[in-house]
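Take a look at the letters that make up each chain.
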Amino acid sequence: MGLPRTLRLTRSEDFSRARQSGQTVRGRLLLLNVVPNQLAHNRYGIVTGKRLGSAVARNRARRVVRAALRRLHAQLRTGWDVVVVPHPPLFEQPFAEVVHALERLARQAGLTLPSTPIPPDEGGRP
RNA sequence: CGGGGGAGCUAGGGGGUUGCGGCGUGCCUACGGGCGCGCUGAGGAAAGUCCGCUCUCCAAAGAGCGCGGUGCCAGCUAACGGCUGGGCGGGGCAACCCGACGGACAGUGCAACAGAGAAGCGCAUUGCCUGCCCGUUUCGGCGGGCGGGUGAGGGUGAAACGGUGGUGUAAGAGACCACCAGCGCGGCCAGUAAUGGCGGCGGCUUGGCAAACCCCACCGGGAGCAAGGCCAAAUAGGGCGCAUUGGGGCGGCUCGUCCCGCAAAAAGCGCCGGGUUGGCUGCACGAGGUGCGCCGCGAGGCGCAUCCCAGAAAGAUAACUCCCCACGACAGAAAGCGGCUUAUCGGCCCCCCCGGAGG
RNA sequence: GCGGGUGUAAUUCAGUGGUAGAAUGUCUGCUUGCCAUGCAGAAUGUCACGAGUUCGAAUCUCGUCACCCGCU
């Protein structure tokens, strides 16, 4: 998943809790639902409905969002369930723009730790 | 060289760093798991769900009617509405391509508009011929009325009841004749057959639509892996039917068959209502792939060798970066398999046809 | 994974082999000082798309696309 299974939201009721009673922040590319959990770590879920397009398009959206979440994971407060809903304009954006949008929404939801810069790419240079 | 036809293969490639699913294995474990190593990880259509089958449940999967499907012949196959070969019909100069391609003397039905008439032996309102009467006449005829013959000509239509030539006649007509086409019934030859070839007899034409009902032949019991099996948890301990020819399995009906019941209750069988949306299994070694040999025109079959090739459960292939090139289409497994159909940027190989030029 | 249905004018729907229709809406005119109402008239469609059967297809057959519903 880009994320180990312990960091995933897996149960339908967890999704419902975040979608219905969580805090919602919305951007042009993404929508976040955030709700506190009783755990020592965060859990993430991604919702890709039929409206997003074909199976290939939905898989693509999930993978891009997962990669972005993995980039941001270390800089977020712990103890939250986060549901991310991608919107169709996401496909036209480069990856860096998706990371930026996700980071902005996380800051808006009060998830980011103070004064931590986003690291550069994790991949080493040859 | 240009244009065209057929049959296949392929689906950007090569690295670096960080990650994800599965299997095996070693170590650690506060049994939740963690770390390391090795192997492996989407398609030719994975799609649409249009067919067929395996598998599972409905006791077993039986018969008739009904309903649905298929429809030239032979074969292949587990099976098919698929494929191969052949026949017939159509298209193309050709290579080759396309075809739901049984039956209209078993029956019922349909054919708007136009037209005299639309399938029954039916039609005269244009035309052709003619009898009688009247008028007229340049004595050849002409015009009108009443009647008869005709289906040849013109005309309508998608379609008009054989075609061409002749004989015949007042004018005509399969009325008669020759040839041709079609229909029916035999014969001989080739072929497993569909069918084709040759020849005979008969009557004299008896049309179209069955993707209209229908008839004939063949096939089909129903549901689907959310099938089904096991475990755990949780709720309720409730309501209804069950001798009369009863209740139910049985999903349209009947037969047949099976389970339960034959009355107080209980138990039993079935239905409804109520509870649970957790885990394991089914779940990946198969009508499997590859290579070789043999049989077959071919689809394919047989034998031997060899390989193990996704298996998730909010659902695994990603992020960044470097190089190369023709700058990368359609698109993501969910029980499995065989087909069909649809989407698709391109690239490569082979065979064949037509035209031009040259040897 | 499986089963079923719908697609016709701007909208809601008829039409099931033979000229594509109704209501509402739109437009024009009349009525009114003006508007509404009323009256008269007009415009209109790839019958979702592509093939086939038929003399002829919205209608019958096959395929495709889109949308909707049900089973858990």
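Above this text you will find the structure in question.
A few points on the structure.

Cut-offs applied
Residues numbered from 1 in each chain as written. Chains lettered and ligands numbered in written order. Predicted model: local features only at pLDDT ≥ 70, side-chain atom pairs only at ≥ 80, totals over all residues. Heavy atoms only, no water. Salt bridge = Lys/Arg side-chain N within 4 Å of Asp/Glu carboxyl O. Helix = DSSP H or I, 4+ residues; strand = E, 2+ residues; numbered from the N terminus. Buried < 20%, exposed > 50% of the residue type's maximum accessible area, 1.4 Å probe, protein only. Pairing = 2+ DSSP bridges. Axes fitted to C-alpha atoms, helices over the stretch in contact; angles between N-to-C directions. Contact = heavy atoms within 4.5 Å. Core = buried A, V, L, I, M, F, W, Y, C linked by side-chain atoms within 4.5 Å. Parallel < 35°, antiparallel > 145°, perpendicular 65-115°, else oblique. Left-handed = near helix turned anticlockwise from the far one by under 90°. Nonpolar A, V, L, I, M, F, W, Y, C, P; charged D, E, K, R; others polar.

## Considerations on the pattern of salt bridges
Evaluated as defined, the whole model comprises four salt bridges. Close ionic contact of Arg17 with Asp81 constitutes a salt bridge, the shortest N to O distance being 3.0 Å. In this pair, Arg17 is assigned in helix H1 (residues 12–21) and Asp81 in strand E4 (residues 80–86), connecting sequence segments 64 residues apart. Residue classification places Arg17 among the partly exposed positions, given a relative accessible area of 32%. Classification of Asp81 as buried rests on a relative accessible area of 0%. The partner of Glu103 in a salt bridge is Arg107, with the nearest N and O atoms 2.0 Å apart. Residue Glu103 and its partner Arg107 are located together in helix H3 (residues 95–108), separated by four residues, close to a single helical turn. Each of the salt bridges in this network shares a partner with another, and the network as a whole consists of Asp14, Arg17, Arg43 and Asp81.

## Concerning the sheet that holds E4
Pairing within the open sheet is mixed, and its four strands lie in the order E1-E2-E4-E3. Each edge of the sheet is formed by a strand with only one pairing partner; in this case those strands are strand E1 (23–26) and strand E3 (43–46). Averaged over all adjacent pairs, the angle separating strand axes in this sheet is 20°, with direction ignored. Note that E3 and E4 share four bridges and pair parallel. Looking at E4, one finds that Tyr44 is bridged to Val82. Its contacts with the sheet place H1 against E1, strand E2 (30–36), E3 and E4, and it is angled at close to 105° to E2. In this fold helix H2 (residues 55–72) packs onto E2, E3 and E4, with an angle of close to 155° to the strand it touches most, E3.

## Re the nonpolar core
Residues Leu30, Leu32, Leu69, Val84, Leu102 and Leu111 are the most contacted members of the largest nonpolar core, which totals 27 residues. Among the elements of the structure, E2, E3, H2, E4 and H3 are those that each provide at least two residues to this core. Those residues in contact with Leu69 that lie beyond four places of it in its chain are Leu3, Tyr44, Ile46, Val84 and Leu102. Ranked by size, the runner-up nonpolar core spans seven residues in total, among them Leu9, Leu31, Val83 and Val85.

## Focus: the packing of H2 against H3
Contact geometry for H2 and H3: axes closest at 9 Å, N-to-C directions at 60°. With respect to H3, the axis of H2 lies oblique. The two elements H2 and H3 meet at a crossing, and its hand is right-handed. On H3, the residues touching Val64, Ala67, Ala68, Leu69, Arg71 and Leu72 of H2 are Phe95, Val98, Val99, Leu102 and Glu103. Of the residues belonging to the contact of H2 with H3, the class tally is nine nonpolar, no polar and two charged.

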